Amino acid sequence: MYQRKSNGLWCEKVNGKVITAKTKKALIAKLMDYNEKETNGLKVSEALEEWLTSKEGKVSFKTLEGYAAPIARLNDAFGDVRLKDLTPAMIQGFVNSLHSQGYKRTTVQRPLDILRMMFDYEIVKSGKISTNPCASVKLPRGLKQEHRELASKEDVDIVKASVNLPFGLFAYLLCYTGLRKGEALALTYSDFDFDREIITINKSLSWQHNRPVIKEPKTATSIRRIALLDALGSVLPKKWNGYLFSADNGKTPLTQTEFRHRWVAYCKAAGLCDDAPRITPHQLRHEFATILFDAGVDPADAKDWLGHASESTTREIYTHIRESRKTLTAMQVENFLKGVPTTVPSTKNH
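Residues numbered from 1 in each chain as written. Predicted model: local features only at pLDDT ≥ 70, side-chain atom pairs only at ≥ 80, totals over all residues. Heavy atoms only, no water.

(A) A look at the packing of aromatic side chains. Counting across every chain of the model gives 18 aromatic pairs. On the basis of an interplanar angle of 45 degrees and a centroid distance of 4.9 Å, the ring pair of Y172 and Y176 is categorised as tilted. Neither Y172 nor Y176 differs from the other in exposure class; each is buried. Ring pairing ties together the aromatic residues F167, F170, W207, F245, F259, W263 and Y266, which thus form one cluster. We note R73 situated over the ring of Y103; from NZ or CZ to the ring centre the distance is 4.8 Å. (Phe/Tyr/Trp six-rings, centres within 6.5 Å; stacked < 30°, edge-to-face > 60°. Buried < 20%, exposed > 50% of the residue type's maximum accessible area, 1.4 Å probe, protein only. Lys NZ or Arg CZ within 6 Å of the ring centre and 35° of its normal.)

Written out as C-alpha cells, the structure reads:
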C-alpha cells in the first residue's frame, strides 16, 4: 500500500489491478469489499448495475428507461443474493409470484429476460459462472396479454372531424397512416412523395430528458414506404419546411413537454378530455389497423404497413379486433334490452 505523490491517492495493486482511494481508511474498505467479491462473487444488485452500465451507448435512452422497473423488482427480490447462490427454483418462484399477483405477460417476462441477459453477460465477462439459472425457468401458463382498449367510435369520429384544430392534423394523420407516435413526429416534407402518393418512414423521434433525438434505421430493411391515402393527402399543407410537427417552423422536432402540452390542449379543444385525455396516439394507430382489417388486407401486408417485426404481432391485433367485435355485439344487445344508450369501442370505420 502506498500514497502517490502526484495526487495524494492511496493505492494497492491486486491481481494486476490498481485500487485507489482518497484516504488510507477508504482504501482498506475498498480492498475488503474487493476481496469479498473475489471470494463470494457479486450480488445480484451489483451484477445488474454492471450489466446496465455495459448497455449504455449500445441501446437507446428509451430502452434504458424501460429497464428501470423490471430491475427494481429484481433488486427487491434478489438484490442481496450472490449470483452463485441464485437457483432456478428461486427465480421460478419469483416469476410465479408475479403471475399470482395478476400481472400481465410483459410485466412477468421482462424481469426474467433481463436476468437472463445479465447472467449471459457475467458468464462471458468473468468466467466464474458457467451456467445460466434462467435457462430452465418457464413462464406460467395463462398469462394475460396486454391489449390497449380501442378508442370509442364517437371519439374517432371527433378526431376525423377536428383536423383543423391546433395539432388536430397529428391525431388525424395517425388515423390514416397507422404510424407510431415517434414516427409521425419525425416526419419531414422530404418524406412525402406527392406525385407517387407515398410516405417514406425512415426515422423515429424519442426523447432524452425532454430533448428530442432522431433515431435513424440500423439497416435499409428497416425503412418502409406506405401509401399516402387521399383522406390524408387532401388535408396536408401544400408546402412546408422541415418537420411537419414543430414549434419553430420545422427547424427542430417537438420536445416531450411541447408534445404533451399540444396533445392535452388538442384533446380539450376537441372535447376528448375528461379529467385527462380519453384517447392516446397508440389507440389511433390501432384504429388504422381496424381499417386494414375491415378492408380485408392480409396480415402479411398489414405487417409491412404497420412496421411490425413479425406477422404474429399483426395477427394478435386482428384477433383483438375480432374479440372486441364480439364484446361490442353483446353490449349492443344488452343495452337494447335495457333501453340504455352507451359509448362502445370503435371496431368498424364508417
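Here the narrative resumes.
(B) Focus on the pairing of strand β3 (residues 17-21). Where strand β2 (residues 10-14) lies against β3, five bridges are found, and the strand directions are antiparallel. Each bridged residue has a counterpart across the sheet, and for E12 the counterpart in β3 is I19. Counted along the chain from β2 to the antiparallel partner β3, the turn is two residues long, and its residue N15 has a positive phi close to 50 degrees. (Pairing = 2+ DSSP bridges. Helix = DSSP H or I, 4+ residues; strand = E, 2+ residues; numbered from the N terminus.)

(C) View of the pattern of salt bridges. Using the criterion set out here, one finds 12 salt bridges in the structure. Of the charged contacts in the structure, one is a salt bridge between K125 and E122, with a shortest N-O distance of 3.7 Å. Taken together, the residues span about one helical turn, with K125 and E122 both in helix α5 (residues 105-126) at a distance of three residues. Looking at K125, the relative accessible area reads 41%, which means it is partly exposed. For the salt bridge of K203 with D191, the shortest nitrogen-to-oxygen distance reads 2.6 Å. With a gap of 12 residues between them, K203 in the loop between β5 (198-201) and β6 (204-208) and D191 in the loop between α8 (181-185) and β4 (192-193) connect regions that are remote in the sequence. Judged by relative accessible area, which is 4%, D191 ranks as buried. The network of salt bridges with common partners includes E50, E122 and K125. (Salt bridge = Lys/Arg side-chain N within 4 Å of Asp/Glu carboxyl O.)

(D) Representation of unusual backbone geometry in the model. The phi dihedral of F167 is positive, around 70 degrees, even though this residue is not glycine. With respect to the helices and strands, the residue F167 is situated in the loop between α6 (153-161) and α7 (168-175). In this structure, E197 takes a positive phi of about 55 degrees despite not being glycine. Residue position: E197 is located in the loop between β4 and β5. Judged by relative accessible area, E197 falls into the partly exposed class, the value being 41%.

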